[in-house]
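Residue-level structure breakdown
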Amino acid sequence: MFKGKKVIVSAIALALFASAGTTVATAAPKNQARAVAQADWLEQNIDNPKVRIIEVSTEPGIYERGHIKNSVKFVWHTDLVDVVNRDVATRAAFTKLVQKAGISADTTVVLYGDKNNWFAAWGAWIFNLYGQKDVRILDGGRVKWEKDGRALTTAVPTFKAGTFVASALDKSLRATLLRDVLPVAKDQSRAKLIDIRSADEYNGKVFAPAGFQELAVRAGHIPGATNVPWGLNVNADGTFKTVAELKKLYADKGIDGSKEIITYCRIGERSSLTWFVLSEILGYNVKNYDGSWTEYGNTVGVPIKNNAGTVWGAA
């Protein structure tokens, strides 16, 4: 009789998982939320007061031309950072921003944006830094939503202020130069560094991709870092690859979650996507190094690896 009840309870649990849009095979992210929101689910919950949609895009005016209904615009380089210090938004500023968007502690936050969710992932990382419990990214982001012909609006929503209060910044999700990165570069730590930039950036052939203004005076990568370009995490349509595909992608590079992982890029935005994949989809122990190459490559006295031998200022 007890065994029969146990089977029934298990079946109910599985049904609940299915109704939430997840499967038992999917690794549970650290925040115990379903990390990736599907477009069909979001359309069904677009007016749900417990769901708040945030757009974090980089193209000027793109939100104003049309956005997902009930989505709120966050500007990554003013709303999500401290505009005086090189740092993420302060605890007080982030609390004010998030409350204005109508977000409370029990709100499901769904972020999306252009460029395959680069800066949506940056926003997700900051939400996690400050303790929001249920943070998700829209699979495929803005580009796939538009390609699928889903509705956009120009109406800007307003909401009753939420009650979210940012917690103290979670240092377990953020890597710093002295505490976390230099020990790896000097072979004093077993943590795995992942450089998510292009092969040309990693090898020192270029200082930064064409058109980007944030530079370091040296080219190359941090010693000990493995190059896994961020774009390998997603399919051609911008959707995330499957859990099995993602695990294999990193396992083939010697990264299986058995050691702490640190991700970095130029300023921490592209690496946020890899952080999200490894931490929130695969459930690995991951820190994002938002100082990234513009801090490391400009720091006096730290070792670098430059396969191409490119020298700043050389003809």
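Just so it is clear, the structure is predicted and the values come from calculations on it, not from any experiment. (Residues numbered from 1 in each chain as written. Predicted model: local features only at pLDDT ≥ 70, side-chain atom pairs only at ≥ 80, totals over all residues. Heavy atoms only, no water.)

Spatially, five strands are ordered β1-β7-β6-β2-β3 in an open sheet, and the strand pairing comes out parallel. Both edges of this open sheet fall to β1 (36-37) and β3 (71-73), since each of them pairs with a single strand only. Relative to strand β7 (residues 135-138), strand β6 (residues 108-112) is paired through three bridges, and the arrangement is parallel. Residue pairing across strands places leucine 111 opposite isoleucine 137, the latter belonging to β7. (Pairing = 2+ DSSP bridges. Helix = DSSP H or I, 4+ residues; strand = E, 2+ residues; numbered from the N terminus.)

Turning our eyes to something else, we now look at the pairing of strand β10 (residues 261-264). Here β10 shows a buried face lined by Ile261 and Thr263 and a second buried face lined by Ile262 and Tyr264. Direction of pairing for β10 relative to strand β11 (residues 286-288): parallel, over a ladder of three bridges. When the sheet's bridge partners are listed, isoleucine 262 is paired in β11 with lysine 287. With respect to chirality, the unit in which β10 leads through helix α10 (residues 270-281) into the neighbouring parallel β11 is right-handed. (Buried < 20%, exposed > 50% of the residue type's maximum accessible area, 1.4 Å probe, protein only. Right-handed = clockwise from strand over helix to strand, strands pointing away.)

Okay, the environment of phenylalanine 207 next. Relative to the helices and strands, phenylalanine 207 resides in the loop between α8 (199-203) and β9 (225-227). In the structure, phenylalanine 207 is positioned 103 residues away from threonine 310 in sequence and 8.6 Å away in space, judged by C-alpha atoms. Apart from residues lying up to four places away in sequence, phenylalanine 207 is in contact with Leu215, Ala216, Val217, Arg218, Ala219, Thr310, Val311 and Trp312. (Contact = heavy atoms within 4.5 Å.)

Quick look at a nonpolar patch on the surface now. A contiguous nonpolar patch, built from Leu215, Val217 and Trp312 and spanning about 280 Å² of accessible area, is present on the exposed surface. You can see valine 217 is positioned in the loop between α8 and β9. Since its relative accessible area comes to 40%, valine 217 is described here as partly exposed. (Patch = residues over 30% accessible without salt bridge, like charges linked within 9 Å, V, L, I, M, F, W, Y side chains within 5 Å. Areas by Shrake-Rupley, 256 points an atom, 1.4 Å probe, with all protein chains shown as cover. Salt bridge = Lys/Arg side-chain N within 4 Å of Asp/Glu carboxyl O.)

Below, the discussion takes up the pairing of strand β8 (residues 192-195). Pairing between β8 and β10: four bridges, direction parallel. Looking across to β10, one finds that leucine 193 is bridged to isoleucine 262. As paired elements, β8 and β9 share three bridges and run parallel to each other. Bridge pairing in β9 links leucine 193 to alanine 225.

On to helix α5 (residues 118-129). The end-to-end C-alpha distance of α5 is 17 Å, a good match for the 16 Å that 12 residues give at a rise of 1.5 Å each. For α5, a buried count of 12 out of 12 residues is recorded, marking the element as mostly surrounded by other parts of the structure. Here α5 has its buried residues at Trp118, Phe119, Ala120, Ala121, Trp122, Gly123, Ala124, Trp125, Ile126, Phe127, Asn128 and Leu129. Looking at the residues trailing α5, positive phi occurs at glycine 131, about 90°. (Expected span 1.5 Å × (residues − 1).)

Further remarks concern the nonpolar core. Formed by 57 residues in total, the largest nonpolar core has its most connected members in Phe94 and Ile281. The set of elements that each furnish at least two residues to this core consists of α4 (91-100), β6, α5, β7, α9 (243-251) and α10. Tallying contributions element by element places α5 first for this core, with 10 residues. Beyond its immediate stretch of four places on either side in the chain, phenylalanine 94 contacts Leu80, Ala89, Ile126, Phe127, Tyr130, Phe164 and Ala166. Ala175, Tyr289, Tyr296 and Val302 belong to the second-largest nonpolar core, a separate cluster that totals 18 residues. (Core = buried A, V, L, I, M, F, W, Y, C linked by side-chain atoms within 4.5 Å.)

Now for α10. When the terminal C-alpha atoms of α10 are compared, their 16 Å separation across 12 residues agrees well with the 16 Å that a helix rising 1.5 Å per residue should span. Of all 12 residues that make up α10, 12 are buried, and the element is covered over most of its length. Every buried residue belonging to α10 is among Arg270, Ser271, Ser272, Leu273, Thr274, Trp275, Phe276, Val277, Leu278, Ser279, Glu280 and Ile281, and all of these are buried.

Read these as layout, nothing more, since geometry by itself doesn't imply function.
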